[in-house]
Amino acid sequence: MTDAYENEMRARFGLDVALGGEVPDSPWLRQVLMRRTQRRYSDRAVPDALVRLLLAAAFSASSKSDFQQASALWLKDRGRRDRLAALFPEMPWIGAAPVFLVFLGDARRLDRIGGLRGKKQDNGALEGFFNATVDAALALQSCILAAETLGLGTCPISVLRNHIAAAAEILELPDKVFPVAGLCLGYPAQQGFISMRLPLEATVHVDRYDDSRLAEAIDGYDRRRDARHSIKDRQRDPARFGSAEFYGWSEDKARQAAMPEGAGFATWLKAHGFTLDEP
Ligand SMILES: Cc1cc2nc3c(=O)[nH]c(=O)nc-3n(C[C@H](O)[C@H](O)[C@H](O)COP(=O)(O)O)c2cc1C
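Residues numbered from 1 in each chain as written. Predicted model: local features only at pLDDT ≥ 70, side-chain atom pairs only at ≥ 80, totals over all residues. Heavy atoms only, no water.

Asker: What is the right way to look at unusual backbone geometry in this model?
Answerer: Residues apart from glycine generally show negative phi values, whereas peptide bonds are mostly found in trans. Notably, Gln68 is not glycine yet its phi reads approximately 55 degrees, a positive angle. A positive phi angle, near 70 degrees, is found at Lys176, a position not held by glycine. Structurally, the position occupied by Lys176 is in the loop between α8 (164-170) and β4 (177-186). Judged by its relative accessible area of 10%, Lys176 falls in the buried class. (Helix = DSSP H or I, 4+ residues; strand = E, 2+ residues; numbered from the N terminus. Buried < 20%, exposed > 50% of the residue type's maximum accessible area, 1.4 Å probe, protein only.)

See the structure below:
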């Protein structure tokens, strides 16, 4: 039925999205459209068997060239977790989540396989880094969707890269293995909220890339988001940027991007096996 996802589309985009025809009704897709990050978890334990099931789903993700360049680190040791969490006091869910995984880009394994088969080839070029990153990201999102399917909540954690040297030392990462993101996992303690997305007009291009109407798409999106959940009282760094009369998503993200994260990551990668050059 055409309007099978009407409520979900409105929740996700703050708009009526016309699909333009009959589509199958899938309860799972409804759940995907309503998905959300969760940062507070109940005390309900997550059994190891369940984590293994989610990891199996994670590693069912597609993989570039079947190279399988993702790995996961299941951080069970309390001491190590506490040391990692202490690096990010502004994100207490890193230490508090019942389960903490780290999805790793792993360019090392293919290097080692080359060595095992007498065809040693350095996998530290941009291609190796990029393929490993994509594989890890796909495994991460597969894990997220699998967890949400079973009623668990998750929160990816890329701030690990903001203290990359300390995080890599705590996790004992060898060269050519790097965190794409951690993943907090547990049963949600609250409902959470759906983060509205940009309209498909801004993110989907047909036949040729065309962002000529970006400004109006962003303005409309800012207003819809603001009507649902205003952030006007949480303006970033007013001392630097002043106080905006209308403070929407785009103003917030422009300010956030003007204070870039990830300083030192490229340097760390280059000191740990990656040239990031042409192969
Ligand atoms: C790769 C990646 C890294 C993220 N890193 C963090 C993080 O370090 N800390 C955090 O609280 N949330 C993090 N998030 C969660 C995002 O803030 C969240 O996905 C975004 O606000 C959209 O919300 P939604 O997932 O509920 O739709 C991350 C998400 C992704 C995909």
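Asker: Teacher, can you tell me more about the sheet that holds strand β3 (residues 153-157) here?
Answerer: Two pairing modes exist for strands in a sheet, parallel and antiparallel, and in both the strands are linked by backbone hydrogen bonds. Ordered by their spatial adjacency, four strands build an open sheet running β1-β2-β4-β3, and the pairing between neighbours is antiparallel. Whereas interior strands pair on both sides, the edge strands pair on one side only; in this sheet they are β1 (70-74) and β3. Going from strand to strand, the sheet's axes swing by 25 degrees on average, the running direction of each strand aside. The strands touched by helix α7 (residues 126-149) are β1, β2 (99-106), β3 and β4; relative to β4, the strand with the most contacts, the crossing angle is about 5 degrees. (Pairing = 2+ DSSP bridges. Axes fitted to C-alpha atoms, helices over the stretch in contact; angles between N-to-C directions. Contact = heavy atoms within 4.5 Å.)

Asker: Would you take a moment to explain the site of the ligand for this structure?
Answerer: In the vicinity of the ligand there are 13 residues, among which Thr37, Arg39, Pro156, Ser158 and Arg197 approach most closely. Contact distances for the ligand include 3.2 Å between a nitrogen atom and a backbone N or O atom of Pro156. With respect to the ligand, the backbone of Val159 contributes an N or O atom lying 3.2 Å from an oxygen atom. If one sorts the elements of the shell around the ligand by residue count, β3 sits on top with three residues. Partitioned by chemical class, the residues of the shell around the ligand number six nonpolar, three polar and four charged. (Near = heavy atom within 4 Å. Polar contact = N/O pair within 3.5 Å; in protein donor to acceptor, adjacent residues only side chain to side chain. Nonpolar A, V, L, I, M, F, W, Y, C, P; charged D, E, K, R; others polar.)

Asker: Hey, could you run me through the environment of Gly105 in this one?
Answerer: Within the element layout of this structure, Gly105 appears in strand β2. Between the C-alpha atom of Gly105 and that of Ala258, which follows or precedes it by 153 residues, the distance is 27 Å. Leaving out residues up to four positions away in the same chain, Gly105 has contacts with Gln69, Ala132, Ala136, Lys176, Val177, Phe178 and Val180.

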